[in-house]
Amino acid sequence: MSLLRVENLSKSFVVERGGEVRHVNVLQNLSFTVPEGGFVTIIGPSGCGKSTLLNILVGLLPPSAGSITVAGHTYNGRLHPGFKRRIGYITQNDNLFPWRLVFDNVRYPLELAGVPLPEQKERVGELLEMVGLAEFAQHYPHELSGGMRKRVSLIRTLIYDPPIILMDEPFGALDAYTRTELHRELLSLWQRTKKTILFITHDLIEAILLADRTILLGNRPASVQCEYEVALPRPRHLEYPLEDQQFTELYLRVLKEFKR
Amino acid sequence: MVKSARSREDPAAEVDILTAPEGSTTRTRRRLLIWVRVNSYRFIIIAFFLVLWVLASRSLGHFWVSSPLLTWQSLWALITSGDALLHIRITLFEALSGYVAGGLLGLIFAFAISRFENLAEALDPFLMTIYGIPKITLAPLFILWFGIGLLSKIYLAGLLAFFIVFFNTYAGIRGVDVELTKVARVMGATPWQVERTVVLPSCVPYVIAGLKVALPYALTAAIVGEFIASDKGIGYLIMDASGQYDTSGVFAGVVLIAVIIMLINEILKTSERRLLKWRPQEERGTTRVEDREVL
Ligand SMILES: Nc1ncnc2c1ncn2[C@@H]1O[C@H](COP(=O)(O)OP(=O)(O)OP(=O)(O)O)[C@@H](O)[C@H]1O
Ligand SMILES: [Mg+2]
């Protein structure tokens, strides 16, 4: 069963410059589904509308046309950012609150929901432990490295347990080593928690490496160019994926399509 | 605004402070070195200033420029007679009451109108006009309306504090990172929760900047009010001395004001450091301040 279904989604921005009104079509007739518990990656050229797509899916931006179905509910019209906490969103920037300690950042969603403090403490403690940041609970975000901030931003979303998590090029700005570490953590987390993940990237290797299925978007206005099932066995070779013959075959096939 | 001396300190010493482990001897030694250096610069500046002062009073005569010694004598007389304390108390009372009330109202007003976008837009041209008016010119009117007592000075100080804090807070609210408000919404924050947990805290640096600038202005407003009509306060003290051609008395009043401002700045600096400890060091004190032509 698909947990997230997108049908004929279109988006155009209206840009006004000096009395002249222009329509910028960013998404055009986009349709795809994400199965429950699946890991789907979306890859597309820079500026094709990937972040826009996620903003629409998460309910921050109204679509111009089309519909979004989350767990059987079809949403159109009124916006509900996060669809009442059914969708988590890891943005391109980590967007931690700079004035809150790591501990207070992570517990933020629980605070909003009025969870009592002792319970918040326990949950935050567990999650910080899980990503190895227990000793940084009392630090401010600017005192952490980029990779650590990503981990904090990830567990801040996990703490309220949304069934679907959207991720927008979350590891784009990290070095290769940290990135692999985070890939490993993300995959093990996904397998344990059975979350449904939609992951955006502009890196083809990353897209194939993590996914059950990868969706290629074309240039703006973006629509689905093609989809690939990634039937490679797990666990995958996260460090040197290109040493794996099956991986390389698939990679080259997708690359050919991607270059078009 | 005065730039912090930090940026001009020896960069090598700075790096060592950051990398040397907390509490290590290099770290404390370096810190001490910087302290000594900064304070000896200050000492030199003060000495230089005093020499200039003496030269000026020698060449122009004591009637025009009182000497440091004569100023000190007048000041000492004011302090021992208890007059200094009395007048300082009056002026501080006027300035601070106006500052607290005006600042608070400015803060509340900024949040109130930012919640109604159309209202903010409607008010914009009027606010900008008021922003440009030198508000101190209203002092005579205030005396006319509220009498020569303390009240007119409190209102005047309050007016200045109100506008400075209002404009700064308002700029802060407009400068809130929309990305942060968006992720907060996604995490389930209601609009009211966004206001309280995102907008308010991200405005803090702006509000503090406003409060910091507003305090000396509130003091100035009180003193200018006293210049125009009063029977108490430091402004009165200065006007009184000037009426009697007592140049040393005028100088003594100015020195009193300078000392008060210095103390106030010290207090503000410490409280700012405490409130903004979450900001990276390099960013502290960089918040743009809205204080053009505010007087
Ligand atoms: N509010 C807006 N008004 C007008 N145009 C916009 C707006 N937001 C985005 N766009 C346009 O939509 C296009 C897609 O932007 P988007 O941020 O979704 O790209 P992206 O695929 O995420 O790119 P990147 O990989 O660089 O992050 C861009 O060409 C951008 O100029
Ligand atoms: Mg993007």
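Residues numbered from 1 in each chain as written. Chains lettered and ligands numbered in written order. Predicted model: local features only at pLDDT ≥ 70, side-chain atom pairs only at ≥ 80, totals over all residues. Heavy atoms only, no water.

1. Details of the overall build of chain A
- Within chain A one finds eight helices and ten strands.
- Against the compact-globule benchmark of 18 Å for 260 residues, chain A has a radius of gyration of 19 Å, which places it among compact chains.
- For chain A, the spread of C-alpha atoms along the principal axes amounts to about 50 × 50 × 40 Å.
- Out of the 260 residues in chain A, the part that is buried amounts to 54%.
- For chain A, contacts bridging at least 24 residues in sequence account for 70% of all contacts bridging at least 6.
- Summing over all exposed atoms, chain A offers an accessible surface of approximately 12,000 Å²; the carbon and sulfur share of this is 49%.
- Distance from the positive charge centre (30 side chains) to the negative charge centre (29 side chains) of chain A: 6 Å. (Helix = DSSP H or I, 4+ residues; strand = E, 2+ residues; numbered from the N terminus. Rg over C-alpha atoms; globule rule 2.2 N^0.38 Å. Buried < 20%, exposed > 50% of the residue type's maximum accessible area, 1.4 Å probe, protein only. Contact = heavy atoms within 4.5 Å. Areas by Shrake-Rupley, 256 points an atom, 1.4 Å probe, with all protein chains shown as cover. Lys, Arg positive; Asp, Glu negative; His and termini not counted. Charge placed at Lys NZ, Arg CZ, Asp CG, Glu CD.)

2. Some points on the sheet that holds strand β2 (residues 20-35) of chain A
Residue and element names in this part refer to chain A.
- Here we have four strands laid out as an open sheet, ordered β2-β1-β4-β5, and antiparallel in their pairing. The open sheet has two free edges, formed respectively by β2 and β5 (73-75), since each of these has just one partner strand. Neighbour-to-neighbour, the strand axes of the sheet open up by a mean angle of 25 degrees, direction not taken into account.
- Pairing geometry for strand β1 (residues 2-17) and β2, over twelve bridges, is antiparallel. By the bridge assignment, V14 is partnered in β2 with H23.
- Packing of helix α1 (residues 50-57) onto the sheet brings it into contact with β1, β2 and β4 (65-70), and relative to β1 it is tilted by some 115 degrees. (Pairing = 2+ DSSP bridges. Axes fitted to C-alpha atoms, helices over the stretch in contact; angles between N-to-C directions.)

3. Description of the coordination of the magnesium ion (ligand 2)
All names here are of chain A.
- Only S51 (OG) and Q92 (OE1) from the protein reach the magnesium ion (ligand 2) as donors, at distances of 1.9 to 2.6 Å. One end of the pair, S51, is in helix α1; the other, Q92, is in the loop between β6 (87-90) and α2 (102-106), and 41 residues separate them in sequence.
- The class for Q92 is partly exposed, based on a relative accessible area of 38%. (Donors = N, O, S within 2.8 Å, 3.2 Å for Na, K, Ca; no water.)

4. Some words on the domain arrangement of chain B
- The domains assigned to chain B are domain 1 (2-53) and domain 2 (66-283).
- If you average the C-alpha positions of domain 1 of chain B and of domain 2 of chain B, the two centres end up 30 Å apart. (Domains from an automatic or database assignment.)

5. Observations regarding the site of ligand 1
All names here are of chain A.
- Close to ligand 1 lie 13 residues, the nearest being S46, G47, K50, S51 and T52.
- In the model, an oxygen atom of ligand 1 is placed 2.7 Å from a nitrogen or oxygen of the S51 side chain.
- Measuring from an oxygen atom of ligand 1, one finds a side-chain N or O atom of T52 at 2.5 Å.
- Of all elements in the fold, only β1 and α1 reach the threshold of two or more residues within the shell around ligand 1.
- Looking at which element gives the most residues to the shell around ligand 1, the answer is α1, with three residues.
- The residue makeup of the shell around ligand 1, split by class, is four nonpolar, six polar and three charged. (Near = heavy atom within 4 Å. Polar contact = N/O pair within 3.5 Å; in protein donor to acceptor, adjacent residues only side chain to side chain. Nonpolar A, V, L, I, M, F, W, Y, C, P; charged D, E, K, R; others polar.)

6. Examining the packing of helix α9 (residues 191-228) of chain B against helix α11 (residues 247-275) of chain B
Residue and element names in this part refer to chain B.
- Between α9 and α11, the shortest axis-to-axis distance is 10 Å and the interhelical angle comes to 160 degrees. Viewed along their axes, α9 and α11 adopt a mutual orientation that is roughly antiparallel. Relative to α11, α9 is oriented so that their crossing is right-handed. On α11, the residues touching I208, K212, L215, P216, L219 and I223 of α9 are I257, I260, I261, I264, L268, E272 and L275.
- Looking at the contact of α9 with α11 residue by residue, the classes come out as eleven nonpolar, no polar and two charged. (Parallel < 35°, antiparallel > 145°, perpendicular 65-115°, else oblique. Left-handed = near helix turned anticlockwise from the far one by under 90°.)

7. So, the packing of aromatic side chains
Residue and element names in this part refer to chain B.
- A complete count under the given rule lists 22 aromatic pairs over all chains for this structure.
- Geometrically, the ring pair formed by F63 and W64 is edge-to-face, given 5.0 Å between the ring centres and 80 degrees between the ring planes.
- Its relative accessible area of 44% is what places F63 among the partly exposed residues.
- Aromatic side chains F162 and F163 sit 5.0 Å apart centroid to centroid with 90 degrees between the ring planes, which places their arrangement in the edge-to-face category. The same class applies to F162 and to F163, which are both buried. (Phe/Tyr/Trp six-rings, centres within 6.5 Å; stacked < 30°, edge-to-face > 60°.)

8. As for the sheet that holds strand β10 (residues 224-229) of chain A
Residue and element names in this part refer to chain A.
- Taken in spatial order, the six strands of this open sheet run β6-β7-β8-β3-β9-β10, and their pairing is mixed. Whereas interior strands pair on both sides, the edge strands pair on one side only; in this sheet they are β6 and β10. The sheet shows a mean angle of 15 degrees between the axes of neighbouring strands, direction not considered.
- Relative to strand β8 (residues 196-201), strand β7 (residues 164-168) runs parallel, the two sharing five bridges. Looking at β8, one finds that I165 is bridged to I197.
- Helix α5 (residues 146-158) contacts β6 and β7 of the sheet and is inclined by roughly 170 degrees relative to β6.
- Contacts from helix α8 (residues 245-259) reach β3 (39-43), β9 (213-217) and β10 within the one sheet, and its direction differs from that of β10 by about 175 degrees.

9. Some words on the pattern of salt bridges
Residues and elements named next belong to chain A.
- Considering all chains together, one arrives at 17 salt bridges over all chains under this definition.
- The partner of K195 in a salt bridge is D161, and the shortest N-O contact between them spans 2.5 Å. Residue K195 is located in the loop between α6 (176-193) and β8, and its partner D161 is located in the loop between α5 and β7; the two are separated by 34 residues in the primary sequence.
- For K195, a relative accessible area of 5% translates into the label buried.
- We note a salt bridge from E227 to R213, for which the minimum N-O separation is 3.1 Å. Taken together, the residues E227 in strand β10 and R213 in strand β9 connect sequence positions 14 residues apart.
- Judged by relative accessible area, which is 36%, E227 ranks as partly exposed.
- The network of salt bridges with common partners includes R100, D104, R107 and E111. (Salt bridge = Lys/Arg side-chain N within 4 Å of Asp/Glu carboxyl O.)

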